[in-house]
Amino acid sequence: MKKRIGILTSGGDCPGLNCVIRAAVSHATRTYDWEVVGIPYSTQGLLEGKTVPLSIHGWDLRGIDPLLNMGGTVLGSINKGDTLGSANEILAGYEAIGLDALIAVGGDGSLNIIHQLAVLGNWNLVAIPKTIDHDVALTERSIGFDTAVNTVVDAINRLTFTAASHDRVMIIEVMGRTAGHLALYSGIAGGADVILLPEVPYTIQGLCNHLTELRERWQRKFAIVVVAEGIFPCSKDIDDADNCTTAKCGKGQYIAEQIANCSNHLIDTRVSVLGHIQRGGIPSALDRLTATMFGKVAVDLIAQEKYDQMLAWQNGRVVNFPIQDVIDKNPSLVNPHGDLVQTARSLGIYVGE
Ligand code: F6P
């Protein structure tokens, strides 16, 4: 039976979303001869009963398919608003669109919301994980993370040379909300001297001792300090009552001030908040590959009528889990005793504790 399937992208955007759309449309059209429609702006599009036709002939004049290397999402996305408060309108919009199944590409928060809607509306849902935070459980890869790591490493490389030229301590604030994966991966790969994570308590004294040791023992007059936006200023130093975890809280600036204080303003610091640069850019080869495989397998699951599943990458292949099992384990955080943290410490990086 010819199916009509929908695809939407939800939550914060990231590079690789268009690759999923491309793969799903291509496979559904070529292999199964199905109709594929895009839902613009996620649940907002459902609420308004809007669709856009998607076809494999979305090439430019020269025949190039721009979806492969275009950042963001051509369908648009939303990551705010009281979605569940409008559940009835969204369910009615979904009915009006008349889909046999829906592919939702989202992160921790948005997959939870869309799963709840799918249960209420009895939708045939297949979910695909994307997030630069890498905090979706049960998957070793999430679309967008690899590109974001490369973006941060590139920024660290650039900052290292200017830091060294001026004997400065560069503080680089990295996204990730409550998870420190992006900071940890990029800090190790970029050669940071300090990596502060939400999952590992640190002390200002420990941080300052480390910077002193770098200068006095190793004659390193500059330093690279990667700060995850979700760090908690150590409970011994400050009581972070509002529990904030995003860039709005200025954790990088806070760390710079602490370093200035503990060095009697002798250490010259500069802060770079990388912000939404980390969500932009063209997708890395690894993200393209992951997205392409997720898009293809999502369509195959629909062909098998296997629903309420989230795709995941485990041991080199795409597998699937009931969405609720993933939600129950979210968010996936850095293991403070895991191999990456141990490796960072063995390289002389201060990671707290
Ligand atoms: O969850 C992805 C993320 O990019 C976080 O790392 C960051 O804190 C947040 O989204 C930023 O959200 P917004 O785009 O609403 O500023």
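Residues numbered from 1 in each chain as written. Predicted model: local features only at pLDDT ≥ 70, side-chain atom pairs only at ≥ 80, totals over all residues. Heavy atoms only, no water.

Some thoughts on helix α7 (residues 204-218)
Piece 1. For α7, built from 15 residues, the straight-helix expectation of 21 Å at 1.5 Å per residue is met to within 8% by its first-to-last C-alpha distance of 20 Å.
Piece 2. Residues of α7 that are buried include every one of Ile204, Gly206, Leu207, Cys208, His210, Leu211 and Leu214, and no others.
Piece 3. Note on α7: the residue one or two positions beyond its end, Gln219, has a positive phi of about 55°. (Helix = DSSP H or I, 4+ residues; strand = E, 2+ residues; numbered from the N terminus. Expected span 1.5 Å × (residues − 1). Buried < 20%, exposed > 50% of the residue type's maximum accessible area, 1.4 Å probe, protein only.)

Thoughts on the site of the ligand
Piece 1. Around the ligand, the structure places Asn79, Lys80, Ile132, Asp133, Met175, Gly176, Arg177, Glu229, His276 and Arg279.
Piece 2. With respect to the ligand, the backbone of Gly176 contributes an N or O atom lying 3.1 Å from an oxygen atom.
Piece 3. Arg177 has a polar side-chain atom sitting 3.3 Å from an oxygen atom of the ligand.
Piece 4. Coverage of the ligand by the protein amounts to 83% of the 400 Å² it exposes when considered alone.
Piece 5. When each cavity is represented as a set of grid points, the ligand is found to reside in the largest pocket. (Near = heavy atom within 4 Å. Polar contact = N/O pair within 3.5 Å; in protein donor to acceptor, adjacent residues only side chain to side chain. Areas by Shrake-Rupley, 256 points an atom, 1.4 Å probe, with all protein chains shown as cover. 1 Å grid on protein atoms, 1.4 Å probe; cavity = no way out; pocket = protein on both sides within 12 Å on 5 of 7 lines; lining within 4 Å. Sits in = over half its atoms within 2 Å of the grid points.)

A closer look at the sheet that holds strand β9 (residues 269-273)
Piece 1. The parallel open sheet is built from four strands, whose spatial order is β7-β8-β6-β9. Every other strand in the sheet has two partners, leaving β7 (194-196) and β9 as the edge strands with one partner each. Here the strands of the sheet are splayed against their neighbours by 15° on average, with no regard to which way each runs.
Piece 2. Against the sheet, helix α6 (residues 181-190) touches β6 (169-174), β7 and β8 (223-228), its axis set at about 175° to β7.
Piece 3. In this fold α7 packs onto β7 and β8, with an angle of close to 165° to the strand it touches most, β7. (Pairing = 2+ DSSP bridges. Axes fitted to C-alpha atoms, helices over the stretch in contact; angles between N-to-C directions. Contact = heavy atoms within 4.5 Å.)

What to know about the pattern of salt bridges
Piece 1. Considering all chains together, one arrives at twelve salt bridges under this definition.
Piece 2. In this structure, the salt-bridge partner of Asp33 is Lys2, at a minimum N-O distance of 3.7 Å. Of this pair, Asp33 sits in the loop between α1 (17-30) and β2 (35-38) while Lys2 sits in the segment before β1 (4-9), and the two are 31 residues apart along the sequence.
Piece 3. Residue class for Lys2 comes out exposed when judged on its relative accessible area of 53%.
Piece 4. Among the salt bridges present, the one from Lys50 reaches Glu48, with a minimum N-O distance of 2.9 Å.
Piece 5. Residue classification places Lys50 among the partly exposed residues on the basis of a relative accessible area of 44%.
Piece 6. Judged by relative accessible area, Glu48 falls into the partly exposed class, the value being 40%. (Salt bridge = Lys/Arg side-chain N within 4 Å of Asp/Glu carboxyl O.)

Points about the environment of Pro201
Piece 1. Relative to the assigned elements, Pro201 resides in the loop between β7 and α7.
Piece 2. Taking the relative accessible area as the measure of exposure, Pro201 reaches 44% and is therefore partly exposed.
Piece 3. Taking C-alpha positions, Pro201 is 43 Å from Asn122, a pair spaced 79 residues apart along the chain.
Piece 4. Contact partners of Pro201, with chain neighbours within four places excluded, come to Gly352 and Glu353.

Description of the confidence of the model for the protein
Piece 1. Per-residue confidence for the protein gives a mean pLDDT of 94; residues scoring 70 or more make up 95%.
Piece 2. Scored below 50 in pLDDT, residues 234-242 makes twelve contacts in the model with residues more than four places away or belonging to other chains. (pLDDT = per-residue confidence, 0-100.)

Brief notes about the packing of α6 against helix α11 (residues 339-346)
Piece 1. At a closest axis distance of 11 Å, the pairing of α6 and α11 adopts a crossing angle of 35°. When the axes of α6 and α11 are compared, the crossing they make is left-handed. The residues of α11 that touch α6, namely those facing Leu184, Tyr185 and Ile188, are Leu340, Val341 and Ala344.
Piece 2. Here the residues of the contact of α6 with α11 are counted per class, giving six nonpolar, no polar and no charged. (Left-handed = near helix turned anticlockwise from the far one by under 90°. Nonpolar A, V, L, I, M, F, W, Y, C, P; charged D, E, K, R; others polar.)

Quick look at the sheet that holds strand β4 (residues 101-106)
Piece 1. Taken in spatial order, the seven strands line up as β3-β2-β1-β4-β5-β10-β11 in an open sheet, and their pairing is mixed. In this open sheet, the two edge strands, each paired with only one partner strand, are β3 (52-54) and β11 (317-322). Averaged over neighbouring strand pairs, the angle between their axes works out to 30° when direction is ignored.
Piece 2. Sheet topology note: the β2/β3 ladder contains three bridges and is antiparallel. From the neighbouring strand, Gly38 faces β3, where its bridge partner is Val52.
Piece 3. Running at roughly 175° to β1, α1 makes contact with β1, β2, β3, β4 and β5 (125-129) of the sheet.
Piece 4. Helix α9 (residues 285-303) rests against β1, β4, β5, β10 (309-314) and β11 of the sheet, and its axis sits at about 140° to β10.

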